[in-house]
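Each chain is listed here by its residues.
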Protein chains: 2
Amino acid sequence: MPIGTQGSVKAVEQRELEGIDARIILANTYHLYLRPGLEVLEKAGGLHRFMGWRNAILADSGGYQVFSLSDLRSITEDGVTFHSHIDGSKHQFTPESVVNAGRIMGPDIMMVLDECLDYPADRERALFSVDMTSRWAERSREEFAKTAARYGHEQYLFGIVQGSVYGDLRERSAERLVELDFDGYAIGGLSVGEPLEEMYRMTDVVNAILPEGKPRYLMGVGTPENLLESVERGVDLFDCVLPTRNGRNGQAFSRNGRLTLRNAVYKTDFTPIDPECSCYACRNFTRAYIRHLIQAKEVLALQLVSLHNLTFYLWLMEETRKAIREGTFAAWKSETFARLGRRGNRDVNDSATAPTSTTGRRTTCTVQ
Amino acid sequence: MPIGTQGSVKAVEQRELEGIDARIILANTYHLYLRPGLEVLEKAGGLHRFMGWRNAILADSGGYQVFSLSDLRSITEDGVTFHSHIDGSKHQFTPESVVNAGRIMGPDIMMVLDECLDYPADRERALFSVDMTSRWAERSREEFAKTAARYGHEQYLFGIVQGSVYGDLRERSAERLVELDFDGYAIGGLSVGEPLEEMYRMTDVVNAILPEGKPRYLMGVGTPENLLESVERGVDLFDCVLPTRNGRNGQAFSRNGRLTLRNAVYKTDFTPIDPECSCYACRNFTRAYIRHLIQAKEVLALQLVSLHNLTFYLWLMEETRKAIREGTFAAWKSETFARLGRRGNRDVNDSATAPTSTTGRRTTCTVQ
């Protein structure tokens, strides 16, 4: 899912997203609740109409943002009280209020309110948090059952598994959520600084419990490598700022690795970012031109590289689906790693292969 | 002509410009000579190929930018020496070097190097400047005749009339340029702070001399009112940053006046910027959504309002051409002023008519 935090995928037009077959984007309840606010979204007839977006929207609950962006938050069994990062105003989110915000905003998929712990987290703290998140999930489920979608399309509610890097707490969380019978399940609280192998280990633990017939969503992940490794572990859905954020910084993904387009090596490189890519940027513009746009601080640089990177990510997932259908996923994955470098982070101009060890390194992608 | 100073019309894609039938854009020799530089543009096969633009380009000589942007310039009969506003490096432009830069960049129309005086300018200084600019024009004409277009398409050279606000100097300048027989003629050194009626008076003086069968280009102008008043005085071609610069500041033009989209009055206004406009922004998005994008500092705001404003300006000129062909220009002009407010600057939400006097006010549009 491309990230449309505030009701826009940064620097990319809605018709361009449709053009690259983006069928679902992520929006953020915390951000949209604060600005433009639920009153505006309600009068607009929901977020789809407000932002002119015909395909699907998943709205994150805002739990992660309350814990990462807002000041002076206080958490009780009831919910979380916080001060807006925009104007300092005081607000409360409860499991019920977040479901009701989802009814007003009208995303196709809404996430329950959860508590997202920092890494590392004390085991006792994590145990308490998991159980409270489960009680919040139950309250969310009840509120969801008592309320109705407003805009003539179905809405779905996903639970969020927590438990830090404690396997037994992850199991406890997943089991309780499965009992509550959500439409889909997210794996939250990862990609927050833990070693990569812990992320994969927790994903394995949780996916052994989550039902195969419902979508599994690994939140805030990740690099091309993270995606393929997680797909292999049974994950269906991802969101990540990397394609758009790196795009705005002039970093492009390609089938042969990463390009830092600001670099002087591209000054007279009149080839496309990725000769195999079918996006507007690659069909019409050269690395040299895009480097110039970056140097000259032209907005078009953000537009072109963001669009290209999203095209690359959607291509990666399309090819992944194809390989799964054809039963060739394992081979496709190794071949892709060989071309991209693991993590997709080998620079196209590096002669040596990038180091493959990621132990102890923080993944660079978190929910915006 | 939309402004593409550095080889990109800010926040608007080339395919979008084609989509709104922008047949010619302006680029700037001073900016492109400094960055990416002539070597890159030459290797790219010219500016059209570098920026992926199939329609026409007019390249301003850079004279105006040398005088407005660069530091420590010194002017001699030979040309002008200046320091780059980017890195302080020292450069010289001569009439010949600017023509040769035009041969390398390959715009369809190139402008001669001229001296653009500030307002007000002393008469003696202006007389000297006009004569030097005419001598530079002659040298440009000779260099142009001695050199050839490189990229398989014709190139045209326009002279630039100077003379500050002195009618006799403007006549002297225009007469000399007409003797030199350029492909078209620009009226430069206006829209630099002089009263608006002086601008129109000079335009009248010059257009009485310039041949009717060749294009007349009023540089750096202007508001919708400026355009229609100048068309009435015989001008054919304009360039102006207003649609894109105001677009980036969230100011939209419309058939009913100007909208400051940041204003709270648009918070729940779910109508398009201009209900009669056919642009992508007006067909798909509301004032409320665009206001939200501006508040949230989303890049999409720049994209949508810039695209809309360019669509508005091109519509204004298309309607103007139609009215001229049909012999109804005078009526069309009054009707349009009645709707737009003179200067096109009445806010849509003003109940009173905006003041029509512009005496002593600086026009807000100059070449970027």
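As the structure is a prediction and not an experimental result, all values here were calculated from the model. (Residues numbered from 1 in each chain as written. Chains lettered and ligands numbered in written order. Predicted model: local features only at pLDDT ≥ 70, side-chain atom pairs only at ≥ 80, totals over all residues.)

A. A look at the overall build of chain A. Within chain A, the regular secondary structure consists of 15 helices and 12 strands. Relative to the 2.2 N^0.38 estimate, which gives 21 Å for 368 residues, the radius of gyration of chain A is 21 Å and therefore close to what a compact globule would have. For chain A, the C-alpha atoms occupy an extent of roughly 60 × 45 × 40 Å along the three principal directions. Here chain A holds 368 residues, and the buried ones make up 53% of them. Counted over contacts in chain A with a minimum sequence separation of 6, partners at least 24 positions apart contribute 69%. (Helix = DSSP H or I, 4+ residues; strand = E, 2+ residues; numbered from the N terminus. Rg over C-alpha atoms; globule rule 2.2 N^0.38 Å. Buried ≥ 20, exposed ≤ 12 C-beta atoms within 10 Å, placed from the backbone. Contact = placed C-beta atoms within 7 Å.)

B. Inspection of the sheet that holds strand β1 (residues 24-28) of chain B at higher detail. Residue and element names in this part refer to chain B. Taken in spatial order, the seven strands line up as β1-β2-β6-β7-β8-β9-β10 in an open sheet, and their pairing is parallel. Strands at the two margins of the open sheet, each flanked by one partner only, are β1 and β10 (237-238). Two strands pair when backbone bridges link them, and strand β6 (residues 109-111) and strand β7 (residues 156-161) are joined in this way by three bridges, in the parallel orientation. Along β7, the bridge assignment pairs Met110 with Leu157. (Pairing = 2+ DSSP bridges.)

C. Local environment of the relation of the copies chain A and chain B. You can overlay chain A on chain B at an RMSD of 0.0 Å; the transform is a turn of 180 degrees with a shift of 0.0 Å along its axis. Taken together, these values place the two copies in the relation of a two-fold axis. Judged by C-alpha distance, Val299(A) is the residue of chain A that lies nearest the rotation axis, at 4.0 Å. A shared binding surface is used by both copies, with 100% of the interface residues of chain A retained as interface residues in chain B. (Least-squares fit on C-alpha atoms with pLDDT ≥ 70 in both.)

D. Molecular detail of the domain arrangement of chain A. All names here are of chain A. By domain assignment, chain A separates into domain 1 (14-240) and domain 2 (245-344). Taking only C-alpha atoms, the centre of domain 1 and the centre of domain 2 are 28 Å apart. Across the boundary between the two partners, domain 1 contributes 11 residues, which contact 15 residues of domain 2. Ranked by residue count, the leading element in the side of domain 1 that touches domain 2 is helix α10 (residues 224-232), at six residues. Looking at side-chain class alone, the side of domain 1 that touches domain 2 contains six nonpolar, one polar and four charged residues. (Domains from an automatic or database assignment. Nonpolar A, V, L, I, M, F, W, Y, C, P; charged D, E, K, R; others polar.)

E. Up close: the interface of chain A and chain B. Contacts between the two partners involve 33 residues from chain A and, on the opposite side, 33 residues from chain B. Among the elements of the structure, α1 (14-19), α3 (38-44), α4 (47-51), α12 (280-284), α13 (287-295) and α14 (299-326) of chain A are those that each provide at least two residues to the side of chain A that touches chain B. For the side of chain A that touches chain B, the leading source of residues is α13(A), giving five residues. Taken together, the residues of the side of chain A that touches chain B break down into 16 nonpolar, 10 polar and seven charged.

F. Local environment of the pairing of strand β7 (residues 156-161) of chain A. Residue and element names in this part refer to chain A. The element β7 is extensively covered by neighbouring structure, given that five of its six residues are classed as buried. For the segment spanning strand β6 (residues 109-111), helix α7 (residues 123-146) and β7, crossover handedness is right-handed. Summarising the sheet, β7 and strand β8 (residues 184-187) pair through four bridges and their orientation is parallel. If you follow Val161 over to β8, its bridge partner there is Ile187. As for the winding sense of the linkage, the β-α-β connection from β7 through helix α8 (residues 167-180) to β8 is right-handed. (Right-handed = clockwise from strand over helix to strand, strands pointing away.)

G. Looking closely at the environment of Leu47(A). All names here are of chain A. By secondary structure assignment, the location of Leu47 is in helix α4. With 60 residues separating them in the primary sequence, Leu47 and Pro107 have C-alpha atoms 6.9 Å apart. Setting aside anything within four residues of it in sequence, one finds Leu47 in contact with Gly7, Ala27, Leu32, Leu41, Ile57, Met105, Gly106 and Pro107.

H. Main features of the sheet that holds β8(A). Residues and elements named next belong to chain A. Taken in spatial order, the seven strands line up as β1-β2-β6-β7-β8-β9-β10 in an open sheet, and their pairing is parallel. In this open sheet, the two edge strands, each paired with only one partner strand, are β1 (24-28) and β10 (237-238). The sheet contact formed by β8 and strand β9 (residues 216-218) spans three bridges and is parallel. Within β9, the position partnered with Ala186 by the bridge is Tyr217.

I. Focus on the confidence of the model for chain A. Residue and element names in this part refer to chain A. Residue-level pLDDT values for chain A average 92, and 93% of them are 70 or greater. Within the model, the stretch residues 351-368 combines pLDDT values under 50 with 39 contacts to residues more than four positions away or in other chains. Of the two predicted TM-score estimates for the complex, the pTM is 0.94 and the ipTM is 0.94. (pLDDT = per-residue confidence, 0-100.)

J. Quick look at helix α6 (residues 95-105) of chain B. Residues of α6(B) that are buried: Pro95(B), Val98(B), Val99(B), Ala101(B), Gly102(B), Arg103(B) and Met105(B). Downstream of α6(B) by one or two residues, Gly106(B) has phi in the positive range, about 75 degrees.

K. Quick look at unusual backbone geometry. All names here are of chain A. Residue Pro120 is reached from Tyr119 by a cis peptide bond, and omega for that bond is -5 degrees. Among the structural elements, Pro120 can be located in the loop between β6 and α7. At Ala11, a position not held by glycine, the phi torsion is positive, near 70 degrees. The residue Ala11 is located in the segment before α1 in this model. What makes Ala11 buried here is the crowd of 24 C-beta atoms within 10 Å.

L. Representation of the pairing of strand β11 (residues 251-254) of chain A within the structure. Residue and element names in this part refer to chain A. Pairing geometry for β11 and strand β12 (residues 257-260), over four bridges, is antiparallel. Across the sheet, Gln251 pairs through a bridge with Thr260, a residue of β12. If you look at the hairpin formed by β11 and β12, you'll find two residues sitting between the two strands.

M. How the structure looks around the packing of α8(A) against helix α9 (residues 196-207) of chain A. Residues and elements named next belong to chain A. At their nearest, the axes of α8 and α9 sit 9 Å apart, and the two run at 40 degrees to each other. The way α8 lies across α9 gives a crossing that is right-handed. For the pair α8 and α9, contact is made by Gly167, Arg170, Glu171 and Ala174 and by Met202, Val205 and Val206, respectively. Taken together, the residues of the contact of α8 with α9 break down into four nonpolar, one polar and two charged. (Axes fitted to C-alpha atoms, helices over the stretch in contact; angles between N-to-C directions. Left-handed = near helix turned anticlockwise from the far one by under 90°.)

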